[in-house]
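Here are the chains, one letter per residue:
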Amino acid sequence: MILARRAGAPQGARPADPRRRTFWILALPPALGLALFLVAPLLFMAALSFRTDLSGTLLAPFAPTLKHYAQLASTAPFLRSLGLSALTALGVAAAATALAYPLAYYLAFRAGRRAAFYLVLLLVPFWTSYLLRVMAWKLMLGGEGVINSLLMSAGIVDEPIAALLYNRGAVIVTLVYVWIPFAALPILAALGRVDVRLHDAAADLYATPFQQFRRVTLPLSLPGVIAAFLMVFIPTVGEYVTPLLVGGTSGTMYGNIIQDFFTRAANWPYGSALAMVMLVGTVALVAVGLRLVNPRRLLER
Amino acid sequence: MQPWRSRSAVRGSLGLVVVSLMAVACGGGASTAPSSAPTNGITPEPTAEATEVPPDQLTGELTVLDWSGYDAEDFWTDFKGTYPNVELGFEFGISDADIYGKMKGGSAADVFHPYTGWLQFYVDEGLVAEIDTSKLTNWDKVPDSFKAIGQIDGVQYFIPWDWGFSSILYRTDKVTGEVDSWDALLDPAYDGHVSMWDDGPAAVTVSSYIHGYDETAITDDQLADIKAEWTAQAPLNVAYWAAESDLVPLMQSGDAWVAYAWQGAYATLLGEGVPVAYANPTEGRNSWVGVYGISASSPNYDLALKFLDQKLADATSANLPNLYYYGSANGDVMAGITDETLKEAFSIDDPDILETTNFTPNLTAEQRDAWTAMWAEVKASQ
Amino acid sequence: MSGPSRASTAQPTMARRGGRRHWLGGYFWLLIALLYLPIAILFVFSINANTTLSFPLKGFTLDWYEKLFDTPALLRAVRNSLGVAVWSSLAATGLGAMVAILLSRFDFRGKGALTGLAIMPLIVPYVVLGIALLVLFKAVGVPLSLATVGIAHTIVALPYTTLIVLASLVGFDAQLEEAAMDLGASYPATLRLVVLPIAAPALLSAWVTAFTVSFDEFALALFLAGREPTFPVYLYGQLRFATTLPVLIATAVLLMLSTLTLILVTERIRRR
């Protein structure tokens, strides 16, 4: 991804690079915003995790302790939940990305001039409160909901299927369903770089549509696929709203534990420790994952 | 050139942006201006010698940190009528831990609304001011037992305002016989149809009722037993509930047959025609009281006191039971209830009910941390 | 390659493409149906007299829509949400585009750090961010308001906008840019005239995503909004006492219908 004015010349070696001013104009606002409103809160959270408890002035110096990390390390259910949440997130991200790809493909190559309209059409439902939409779904899927009533009156089942709601499966299905339109967006953005003439050229060379897809479209769209996967995976590790709404007692995720320590227990230090572990763990996982995926793909090009 | 990237598609979308921007700019000018923190409200005269401004000419700003939903005008109608020129603003919390956290984290609220169990922390951390009850004209309407609930170490820090019961709510058409004990919540006979409140201290409370533990002195062994008990109970739930709006659909749809519930859910379901009953367990019901306190760092002490006084006034207090099925600390209002559903829900005709009811004691910070951590482990073990 | 043989290979390709066209289109519309189904249900309840979401239906009424316009607090909350969403989404799109250009066009020492920070908000729990910003704003003396919510929303939308715009800019052929600069264009002009038009559709996607992230966001708004609630905060508050549910549903449905009308009209205009 090196972009030098002359091929082979690294940017740093040319102090008179005319893009330098632009670089700083582009770099300063995000850097400043992130430093003030992300890094500072993160440091606060990290500091909190070493605090014994919430008593006393919050921003005053305190004697740090590792007791929350120690307690977390010795609480098997929490660690298990973290692992399970990470696995769930991997599954959801894989499924959502895979199911989003045909959607992005349709919008990029088949929808023609209507693509922008279709795109907005896909996202507009998300402006309706998630809470209300899930309530409507629960009405359909509950023990005496619409689906079960139809199944029972049609004689297909004798008893209502409880498994449609309030378990881990319901959480996974709901999350995938909710993420598909968003996962399509980076893939769509990447597919936008594919010149349709490449498809024609492939056809001229007697490539089957599948070969054309595999050799031309897919590699070019890979950055978008990776972006989509990350966009779904990372926040899903810490997801708590959906498990709360449809997870019942068996579908809780690590994010619920963190949430509870803040909003039910007023135990910010312990909650911060849990959050820090999730953060560091996810960053490490993503870094390792990217290292495995990227070099090979880039070389192939 | 890709057709979907055509200029007209982009133009159309930009048009959408422009239109929405205009709509917001035209309509939302005032709402996007930052509202100033109420630190520049009236400077209170701490000595009682202030020349009294007539109520309808009194101006100022007051911020109330309250539970979501309590900003409804029904809950401050007397204040609005008496002091029409005082601006009232609300910040919201979704739980006691949230409200405590916000007060600790630096909320600029003048008045806040915690519930019994959580009051000790505010005193210990110096977050709440003492209430000068001599300035409350409605104070005499509050029964002594309720007044005592707002006192910590003999000092009146809080004003009781709303209260209610916790007990077992059950579908009479799904449950055979009468439920008369808290252990119904742990009964495997109701597998898949129980709904417990998502709250650690509540779980400890229920266990202490069933086994006769002293709630103010739970030992580590007892806590371990409680954890095991509720870990085994967890699969019996169809789902935990966090707010009454979660519980009501669960019971109405028949997904839940037996639940830990406040009387508000009971009255709502009765009103919907659902066949439910509210138990009178042998161990006694639980009761909780909501209180208001004045922030120790509030610059609007006198105005806050006037607000609290108006909260206890008759019309506001009457709205609690009549519109929302909650009890009021105003004794006159409670004595004047005639609606049958309400009398049923509050067991008004049962003179012994308050004797057998267990009021929630205030937790220490250690208990709070231990019990909530226990509950988090119970939920994570599933 | 003679004409007839090319045509004969083209024919089966076209036919297969036609089959795939139907499958893809059907898939799209199925997804649309699944996304709009709960909204259709909400619509049905918004014109019925039920006070809870349960069957049977209790009879047609437009009362809830009437009551909606009689509730100034509700209308103000909706306007607050719209304002915060518009400004935070614009800021997030702008900043995200900047970061995407930096990451795809430049090489510099802090590149990994910038990437990590731009994506980091995805993994920070909103409750932690909200509390931290609350404490920090208070320490510095910044009062809570819709602006503080807007700042938080910009930060949490940034990863989405960055990733989407980045996906369209990555590995892009540098020759177009180099050609422009060789012809004398400054780099800012190059960005404006060459890069941004290519990225424009991605920018639109990014903006809509950022808007969506902000409009229904609850946790941060609960901490940072001060005295002016946003719509999700207001909605959650009203849910506490279930009697107000129908008016909220009517509000949500009305918002949805207005938005749909708006984009349908825009599409109609565009097609002309």
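Residues numbered from 1 in each chain as written. Chains lettered and ligands numbered in written order. Predicted model: local features only at pLDDT ≥ 70, side-chain atom pairs only at ≥ 80, totals over all residues.

It is worth spelling out the overall build of chain C at this point. A count of helical and extended segments in chain C gives eleven helices and zero strands. Relative to the globule expectation of 19 Å for 272 residues, the C-alpha radius of gyration of chain C, 24 Å, shows a markedly less compact shape. Each principal axis of the C-alpha atoms in chain C carries an extent, and together these give about 75 × 60 × 35 Å. Across the 272 residues of chain C, 55% fall into the buried class. Within chain C, contacts between residues at least 6 apart in sequence are counted, and of these 76% link residues at least 24 apart. (Helix = DSSP H or I, 4+ residues; strand = E, 2+ residues; numbered from the N terminus. Rg over C-alpha atoms; globule rule 2.2 N^0.38 Å. Buried ≥ 20, exposed ≤ 12 C-beta atoms within 10 Å, placed from the backbone. Contact = placed C-beta atoms within 7 Å.)

With that out of the way, let us pick up the overall build of chain A. Looking only at helices and strands, one finds twelve helices and zero strands in chain A. Secondary structure elements of chain A occur, N-terminal to C-terminal, as α-α-α-α-α-α-α-α-α-α-α-α. Here the C-alpha radius of gyration of chain A, 24 Å, is well above what a compact globule of 301 residues would show, namely 19 Å. Referenced to the eigenvectors of the C-alpha coordinate spread, the extents of chain A come out at roughly 65 × 65 × 30 Å. Looking at chain A residue by residue over its 301 residues, the buried ones come to 49%. In chain A, the share of contacts with a sequence separation of at least 24, taken over all contacts with a separation of at least 6, comes to 70%.

Taken residue by residue, the interface counts 84 residues in chain A and 81 residues in chain C. Going through the elements one at a time, helix H1 (20–49), helix H3 (76–110), helix H4 (115–123), helix H5 (130–141), helix H7 (168–191), helix H9 (209–237), helix H11 (254–263) and helix H12 (268–300) of chain A are the ones with two or more residues in the side of chain A that touches chain C. Sorting elements by how many residues they give to the side of chain A that touches chain C places H1(A) first, with 15 residues. Of the residues assigned to the side of chain A that touches chain C, the class counts are 67 nonpolar, 13 polar and four charged. (Nonpolar A, V, L, I, M, F, W, Y, C, P; charged D, E, K, R; others polar.)

All names here are of chain B. When you tally the buried positions in strand S9 (residues 258–262), you get five out of five residues, the bulk of the element. Burial of the side chains of S9 extends over both faces: Val 258, Tyr 260 and Trp 262 are buried on one face and Ala 259 and Ala 261 on the other. In this sheet, S9 lies alongside strand S7 (residues 158–171) in antiparallel orientation, the contact comprising five bridges. Its bridge partner lying in S9, Ser 166 is registered against Trp 262. In terms of strand pairing, strand S8 (residues 194–195) meets S9 through two bridges, oriented parallel. Bridged to Val 194 within S9 is Val 258. (Pairing = 2+ DSSP bridges.)

With that out of the way, let us pick up the environment of B:Asp220. Following the sequence through the fold, B:Asp220 ends up in helix H8 (residues 220–233). On a C-alpha basis, the gap between B:Asp220 and B:Ala370 in space is 9.3 Å, while along the polypeptide they are 150 residues apart.

On the side of chain B, 39 residues touch chain A, which itself brings 36 residues to the contact. Those elements that place two or more of their residues in the side of chain A that touches chain B are H3, H4 and H11 of chain A. Counted by class, the side of chain A that touches chain B contains 18 nonpolar, 13 polar and five charged residues.

This paragraph deals with the packing of helix H5 (residues 126–140) of chain C against helix H6 (residues 146–169) of chain C. All names here are of chain C. Where H5 meets H6, the axes come as close as 11 Å, and the angle between the chain directions of the two elements is 135 degrees. Here H5 lies oblique to H6, going by the angle between them. Pair H5 / H6 crosses with right-handed handedness. Across the interface between the two elements, Tyr 126, Leu 129, Gly 130, Leu 133 and Phe 137 from H5 touch Thr 148, Ala 152 and Val 156 from H6. Each residue belonging to the contact of H5 with H6 can be placed in one class, and the counts come to six nonpolar, two polar and no charged. (Axes fitted to C-alpha atoms, helices over the stretch in contact; angles between N-to-C directions. Parallel < 35°, antiparallel > 145°, perpendicular 65-115°, else oblique. Left-handed = near helix turned anticlockwise from the far one by under 90°.)

A separate point is unusual backbone geometry. Residue and element names in this part refer to chain A. One non-glycine residue, Tyr 166, lies in the positive phi region at around 65 degrees. Looking at where Tyr 166 falls in the secondary structure, it is placed in the loop between helix H6 (146–153) and H7. The phi dihedral of Ala 266 is positive, around 50 degrees, even though this residue is not glycine. Here Ala 266 is to be found in the loop between H11 and H12.

With that settled, consider H6(C). Residue and element names in this part refer to chain C. For H6, with 24 residues, the first-to-last C-alpha span of 33 Å sits near the 34 Å given by 1.5 Å per residue. Of all the bends in H6, the greatest, near 40 degrees, is centred on Ala 157, and the proline Pro 159 appears no more than four residues after it. Among the 24 residues of H6, 24 are classified as buried, and the element is accordingly described as predominantly covered. (Expected span 1.5 Å × (residues − 1). Bend = angle between axes of the 7 residues up to and from the residue.)

Here the focus is the environment of C:Val142. Residues and elements named next belong to chain C. The topology assignment puts Val 142 in the loop between H5 and H6. Here Val 142 falls in the partly exposed class, since 15 other C-beta atoms lie within 10 Å of it. In sequence terms Val 142 and Thr 230 are 88 residues apart; their C-alpha atoms lie 19 Å from each other. Ignoring sequence-local partners within four residues, the contact set of Val 142 consists of Phe 137 and Thr 148.

Residues and elements named next belong to chain C. Taken N-terminus to C-terminus, the directions of helix H3 (residues 72–105) and helix H8 (residues 187–215) make an angle of 140 degrees; their axes are 8 Å apart at the nearest point. The angle between the axes of H3 and H8 places the two elements in the oblique class. Once H3 is placed against H8, the crossing between them reads as right-handed. Contact with H3, carried on its side by Ser 81, Val 84, Ala 85, Ser 88, Ser 89, Ala 92, Thr 93, Gly 96, Ala 97 and Ile 101, involves Leu 191, Val 195, Leu 203, Ala 206, Trp 207, Ala 210, Phe 211, Ser 214 and Phe 215 of H8 and no other residues of that element. Here the residues of the contact of H3 with H8 sort into 13 nonpolar, six polar and no charged.

Below, the discussion takes up the nonpolar core. The tendency in soluble globular proteins is for nonpolar side chains to be buried side by side. One finds A:Ala104, A:Ala183 and A:Ile187 to be the most contacted residues of the largest nonpolar core, which totals 298 residues. With 18 residues, H3(C) is the single largest residue contributor to this core. Ignoring sequence-local partners within four residues, the contact set of A:Ala183 consists of A:Ala96, A:Thr97, A:Ala100, A:Ala228, A:Met231 and A:Val232. (Core = buried A, V, L, I, M, F, W, Y, C linked by C-beta atoms within 7 Å.)

As a further point, take helix H4 (residues 111–119) of chain C. When we look at burial in H4(C), the residues that qualify are C:Leu117, C:Ala118 and C:Ile119. Of the surrounding secondary structure, the elements contacted by the buried residues of H4(C) are H1 and H9 of chain A together with H3 and H6 of chain C.

Once that is clear, we can look at the confidence of the model for chain A. Confidence along chain A averages 85 in pLDDT terms, with 91% of residues attaining 70 or more. Counting interchain partners and residues more than four positions distant, the pLDDT-below-50 stretch residues 1–14 of chain A has 14 contacts. (pLDDT = per-residue confidence, 0-100.)

Residue and element names in this part refer to chain B. With respect to burial, strand S11 (residues 286–295) is a largely interior element, nine of its ten residues being buried. Summarising the sheet, strand S3 (residues 111–112) and S11 pair through two bridges and their orientation is antiparallel. Across the sheet, the residue bridging to Val 111 is Ile 294, located in S11. For strand S4 (residues 128–129) and S11, the ladder comprises two bridges, and the chain directions are antiparallel. Along S11, the bridge assignment pairs Ala 129 with Ile 294. Here eight bridges tie S7 to S11, and the two strands are oriented antiparallel to one another. Across the sheet, the residue bridging to Ser 166 is Asn 286, located in S11. Of the strand pairs in this sheet, S11 and strand S13 (residues 358–359) are connected by two bridges, and their pairing is parallel. If you follow Ser 287 over to S13, its bridge partner there is Phe 359.

The next point concerns the environment of B:Ala279. All names here are of chain B. Examined against the element boundaries, Ala 279 turns out to sit in the loop between strand S10 (276–278) and S11. Through-space distance from the C-alpha of Ala 279 to that of Val 175 is 12 Å; in sequence the pair is 104 residues apart. Setting aside its immediate chain neighbours within four residues, Ala 279 contacts Ser 167, Ile 168, Tyr 170, Val 179 and Asp 180.

This brings us to the confidence of the model for chain C. Residue and element names in this part refer to chain C. Of the residues in chain C, 90% reach a pLDDT of 70 or more, and the chain-wide mean stands at 85. A low-confidence stretch, residues 1–16 (pLDDT under 50), is modelled with six contacts involving residues beyond four sequence positions or located in other chains. Predicted complex, confidence summary: ipTM 0.84, pTM 0.85.

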